[in-house]
Amino acid sequence: MENQITLRNLGKSDLQITPIGLGCWQFSKRGNMAGKFWPSLEDEVIKDIVRNSLEGGINWFDTAEVYGHGASEKMLAESLNTLGKKTGEVFIATKWWPMFRTASNMIKTIDDRLACLNPFLIDLYQVHQPYGFSSEVKEMEAMAKLVQANKIKHVGVSNFSALKMRSAWETLQRFGINLLSNQMQYSLLNRKIERNGVLDTAKELGITIIAYSPLAQGMVTGKFHDHPELLKNIGFRKYSSMFKPKGMEKSQPVTELVKMLAIKYEVTPSQVALNWLINFHGDSVVAIPGATKARHAQENTGSMKFTLSSEDLRLLDVVSTGFKE
């Protein structure tokens with residue numbers, strides 16, 4: 001593997017990030033309904049995951065208010081602080097939860113977010129979903145106020161359609177602020193953003209796509225195809241069509257190719273899948289895989305240290321084209 005990691009700008013900003021960040025939903029400590037998606041990780045396990053991410057070169061972390069009602073933010077900050085990191089040495093992205101709230105709540109709760117992340121600042125503040133009681137226009141106006149008050153540095157959104165993303169971008173432009181990112185579900189087994197206008201609009205406006213669930217909840221590695229007994233203990237994933245027999249039959253050609261390329265490059269299947277994501281569209285896409293074990297973090301960082309050939313990038317594109325629907 002190569003060892004050099006090339007940083008890239010997040011959107012139209014001078015914020016330079018690694019192509020892979022660490023998604024921190026799994027640090028939720030089962031604190032609320034969102035937190036119950038994951039088992040409760042021990043503090044030392046979380047610290048080891050963060051340490052391995054840092055040692056592998058990752059320089060940014062994505063969390064959210066709704067991940068354990070602040071538990072993930074607190075554990076991330078505590079781990080970084082314990083490991084000797086200071087504000088400015090790493091970048092923190094977090095998200096405001098809009099459900100059953102209006103944009104004014106963003107202003108009211110920002111100090112709570114800062115308290116959970118103390119002593120770290122919010123480098124990127126994102127609207128988590130497009131389903132609040134206020135329009136995206138009002139939400140971006142509130143975001144602009146937070147930037148002007150030096151409460152946050154940059155603005156992003158998550159799960160926004162092409163239309164809403166453009167509207168958010170246009171609103172922020174009135175304040176001289178760029179919308180930097182749209183966090184979307186994106187993987188070799190979920191390529192809908194290539195068909196619904198989100199990716200094209202993001203490229204047009206200079207907005208970075210932050211890919212979450214970049215390994216399709218583990219399905220893209222082929223481990224469930226090879227070991228179907230694992231399907232007995234997949235929690236909420238059992239309700240997904242992807243984990244049903246027809247879904248697994250559809251994804252098998254992709255997983256077989258991923259495994260074949262893993263052997264070719266002497267890497268793991270997850271590293272192949274992540275490498276495709278962060279390279280196929282140039283600098284337009286970054287990814288935030290999670291990790292529940294330290295070795296997962298090591299795998300994540302390793303995906304930045306080699307590059308699939310243009311031929312293999314195109315081959316994965318062709319084989320997975322059916323997942324653009």
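Values in this document were obtained by computation on a predicted structure and should not be read as measured data. (Residues numbered from 1 in each chain as written. Predicted model: local features only at pLDDT ≥ 70, side-chain atom pairs only at ≥ 80, totals over all residues. Heavy atoms only, no water.)

## Brief notes about the environment of R113
Here R113 lies in helix α3 (residues 104–117). Given the relative accessible area of 4%, R113 is considered buried. Sequence separation between R113 and E65 is 48 residues; the distance between their C-alpha atoms is 7.1 Å. If we ignore the near neighbours within four places in the chain, the residues touching R113 are E65, G70, E73, I122 and Y125. (Helix = DSSP H or I, 4+ residues; strand = E, 2+ residues; numbered from the N terminus. Buried < 20%, exposed > 50% of the residue type's maximum accessible area, 1.4 Å probe, protein only. Contact = heavy atoms within 4.5 Å.)

## Some details on a nonpolar patch on the surface
Among the surface-exposed residues, M260, L315, V318 and V319 lie close enough to one another that they form a single nonpolar patch of about 330 Å² accessible area. In terms of residue count, helix α11 (residues 310–319) provides more of the nonpolar patch than any other element does, 3 residues in total. Its place among the elements puts M260 in helix α8 (residues 245–265). Overall, the relative accessible area of 48% leaves M260 in the partly exposed class. (Patch = residues over 30% accessible without salt bridge, like charges linked within 9 Å, V, L, I, M, F, W, Y side chains within 5 Å. Areas by Shrake-Rupley, 256 points an atom, 1.4 Å probe, with all protein chains shown as cover. Salt bridge = Lys/Arg side-chain N within 4 Å of Asp/Glu carboxyl O.)

## With respect to the packing of aromatic side chains
In this structure the tally under the stated criterion is 5 aromatic pairs. Measuring from ring centre to ring centre gives 6.3 Å for Y186 and W276, while their planes differ by 50°; the resulting arrangement is tilted. Within this pair, whereas Y186 is found in the loop between β8 (179–185) and α6 (198–205), its partner W276 is found in helix α9 (residues 269–280), the two being separated by 90 residues in sequence. The residues Y186 and W276 share a single accessibility class, namely buried. Relative to F306, the ring of Y265 has its centre 5.9 Å away and its plane inclined at 45°; by these criteria the two rings are tilted. (Phe/Tyr/Trp six-rings, centres within 6.5 Å; stacked < 30°, edge-to-face > 60°.)

## Describing the pattern of salt bridges
In this structure the tally under the stated criterion is 20 salt bridges. A salt bridge links R191 to E194, with the shortest nitrogen-to-oxygen separation between them at 2.7 Å. Among the residues examined, R191 registers a relative accessible area of 0% and is labelled buried. Overall, E194 belongs to the buried group, its relative accessible area being 17%. The shortest N-O distance in the salt bridge between R191 and D317 comes to 2.6 Å. With R191 in the loop between β8 and α6 and D317 in helix α11, this pair connects stretches of sequence that are 126 residues apart. Of the two residues, R191 and D317, neither departs from the other in class, the shared state being buried. Through salt bridges that share partners, E65, E73, R101 and R113 make up one connected network.

Don't take any of this as a statement about function, it's just geometry.
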